[in-house]
Amino acid sequence: MEIDQLLVIGFIALFAAASGYFQLLKPSGAIAAFLTGMSIWAGFGLKGLFLMGVFFLTSSLLSRYKSKVKEHLGELHEKGSARDWAQVAANGGTAAIAGLAHFISPDPLWIIVLAISIASANADTWASELGVLSRQQPVSIKSFKRVPRGTSGAISGFGTAASAAGSLLIALTGGYLFDEGTSWILSVFLFGVTGSFLDTLFGAYIQAGFKCVRCNLFTEKLTHCTLPTKQVSGFTWINNDVVNFISCLTAAIMGMALYNIL
Ligand SMILES: [Zn+2]
C-alpha cells in the first residue's frame, strides 16, 4: 500500500473518531461512518469523500444550530442528535453501495447515484433541521391539518425551501467536482428534492407512529411518561431510519433509470 493511501485511511479514521469524540456520532455511528467513508473513497476517491463531507458537516452544524429551541421537540423523536449506525446507514448507505459498485465496475452511472443519494439525504436533513424552526406549524400531508413542528410526514414552506437549498448545494458541488454539465446538475437537484419528498410521503403513510397511553402525545418514541407507547399507524419495523434509507435509495434508482433512458 502506498503512503498516500495510508494517509487517507488514517484521515477517515481520525474524522470518524473525532465525530464520536465531539458527540456528533455515537460509537456505532463512528464505526459506520468509517466504513461508509472507506467505500466512498474506494469508488470515487477524494472527490467522493469531499461531497459526503459537505453533507456531514452542514447537517451536523444545522442540527447544533438553535439546539435549545429544538430540545423540546425531542419529545416527538425517537433519537437525540448524536447519530448512531442506523442513521449513518440510512443517510450514507446508498452512497456506500454506489462506491463499492464503482470500485468493482466503474461506470459514470454510479457517480449520479452517489450525488443523488447525498443530495436527497442533505435535502431531507436541511428540511427537518431548519423546518422545525419555521414560524408556522407544518401541514400533515395525510390529514392536511396543522401538526406540531418536527412531526414526520408534514411539510412547511420554510422546510421545502430548505430542502431545495440542501439539494442544490450538493448538485452544484458534485457538478463542479466531477466536471459535469447543467443537465447532470439539474437532474441531481431534482432527484434530491424528490428523495426528500418521498421521505415525507413514506413518513406519513408507512412509518410507525405511536401514542403515549398516559398523556396521548403522538410520538416516534417507543416509551413516553415511563410507559410503553401504543402503535397507532404505519408498520412496526419501519422507523425514521428505514424511511430515510428507502427514500434515498428510491430517488437514486429513479435517477439511474432516467440516466439509462437518456
Ligand atoms: Zn406521555
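Residues numbered from 1 in each chain as written. Predicted model: local features only at pLDDT ≥ 70, side-chain atom pairs only at ≥ 80, totals over all residues. Heavy atoms only, no water.

S.K.: Please clarify how the overall build of the protein should be interpreted in this entry.
M.R.: Within the protein one finds 8 helices and 7 strands. Against the globule reference of 18 Å for 262 residues, the protein gives a C-alpha radius of gyration of 18 Å, in line with a compact fold. Structurally, the protein occupies a C-alpha span of about 60 × 40 × 30 Å along its principal axes. By residue count, 49% of the 262 residues in the protein fall in the buried class. Expressed as a percentage of contacts within the protein between residues at least 6 apart in sequence, the contacts between residues at least 24 apart total 69%. (Helix = DSSP H or I, 4+ residues; strand = E, 2+ residues; numbered from the N terminus. Rg over C-alpha atoms; globule rule 2.2 N^0.38 Å. Buried < 20%, exposed > 50% of the residue type's maximum accessible area, 1.4 Å probe, protein only. Contact = heavy atoms within 4.5 Å.)

S.K.: What am I meant to see in the coordination of the zinc ion here?
M.R.: Coordination of the zinc ion by the protein is provided by Cys-212 (SG), Cys-215 (SG), His-224 (ND1) and Cys-225 (SG), with metal-donor distances spanning 2.0 to 2.3 Å. Classification of the site at the zinc ion as tetrahedral follows from its 4 donor atoms and the range of 105 to 114 degrees in their angles at the metal. In this structure Cys-215 comes out as partly exposed when scored by relative accessible area, which is 39%. For His-224, a relative accessible area of 11% puts it in the buried group. (Donors = N, O, S within 2.8 Å, 3.2 Å for Na, K, Ca; no water. Tetrahedral: all angles 85-135°; square planar, octahedral: opposite > 155°, others 65-115°.)

S.K.: Sorry if this is basic, but what is going on with the packing of helix α6 (residues 157–177) against helix α7 (residues 182–205) here?
M.R.: Packed helix pairs are specified by the crossing angle of their axes together with the interaxial distance, meaning the distance between the axes. Where α6 meets α7, the axes come as close as 8 Å, and the angle between the chain directions of the two elements is 145 degrees. Considering only the axes of α6 and α7, their crossing is right-handed. Residues Ser-163, Ala-164, Ser-167, Leu-168, Ala-171, Leu-172, Gly-174 and Gly-175 of α6 lie in contact with α7, whose contacting residues are Trp-184, Ile-185, Val-188, Phe-189, Gly-192, Val-193 and Ser-196. Of the residues that constitute the contact of α6 with α7, the class distribution is 9 nonpolar, 6 polar and no charged. (Axes fitted to C-alpha atoms, helices over the stretch in contact; angles between N-to-C directions. Left-handed = near helix turned anticlockwise from the far one by under 90°. Nonpolar A, V, L, I, M, F, W, Y, C, P; charged D, E, K, R; others polar.)

S.K.: Would you mind going over the nonpolar core with me for this structure?
M.R.: One finds Phe-44, Leu-51, Leu-114, Ile-118 and Val-188 to be the most contacted residues of the largest nonpolar core, which totals 33 residues. Looking at this core, the elements that each hand over two or more residues are α2 (27–64), α4 (85–104), α5 (108–131), α6, α7 and α8 (240–261). Broken down by element, the residue count for this core peaks at 11 residues, all from α5. In this structure, Val-8, Ile-9, Ile-12 and Trp-41 belong to the second largest nonpolar core, which totals 5 residues. (Core = buried A, V, L, I, M, F, W, Y, C linked by side-chain atoms within 4.5 Å.)

S.K.: Quick question: what am I supposed to make of α4 here?
M.R.: Note: α-helices contain 3.6 residues per turn, so residues at a spacing of three or four share the same orientation. The first and last C-alpha atoms of α4 sit only 25 Å apart over 20 residues, clearly below the 28 Å expected at 1.5 Å per residue. N-capping of α4 is provided by Asp-84, with a side-chain oxygen placed 3.2 Å from the backbone N of Ala-86. (Expected span 1.5 Å × (residues − 1). Polar contact = N/O pair within 3.5 Å; in protein donor to acceptor, adjacent residues only side chain to side chain.)

S.K.: Help me understand the UniProt feature "transmembrane region" (unreviewed entry) in the protein in this model?
M.R.: Cross-referencing UniProt, the feature "transmembrane region" (unreviewed entry) maps to residues 7–24, 30–63, 154–178, 184–206 and 242–261 in the present numbering. Annotation note: span residues 184–206, helix share 96%, strand share 0%, distance between end C-alpha atoms 31 Å. (UniProt positions renumbered as here; feature names shortened; annotations may be inferred.)

S.K.: Which parts of the structure should I look at to understand the side chain of Ser-140?
M.R.: Within the element layout of this structure, Ser-140 appears in strand β1 (residues 139–140). Among the polar contacts listed, one links the side chain of Ser-140 to the backbone nitrogen of Lys-142, at a separation of 3.0 Å. Reaching out from Ser-140, the side chain makes a polar contact with the backbone nitrogen of Ser-143 at a distance of 3.1 Å. Ignoring sequence-local partners within four residues, the contact set of Ser-140 consists of Lys-145, Val-147, Gly-153 and Ala-154.

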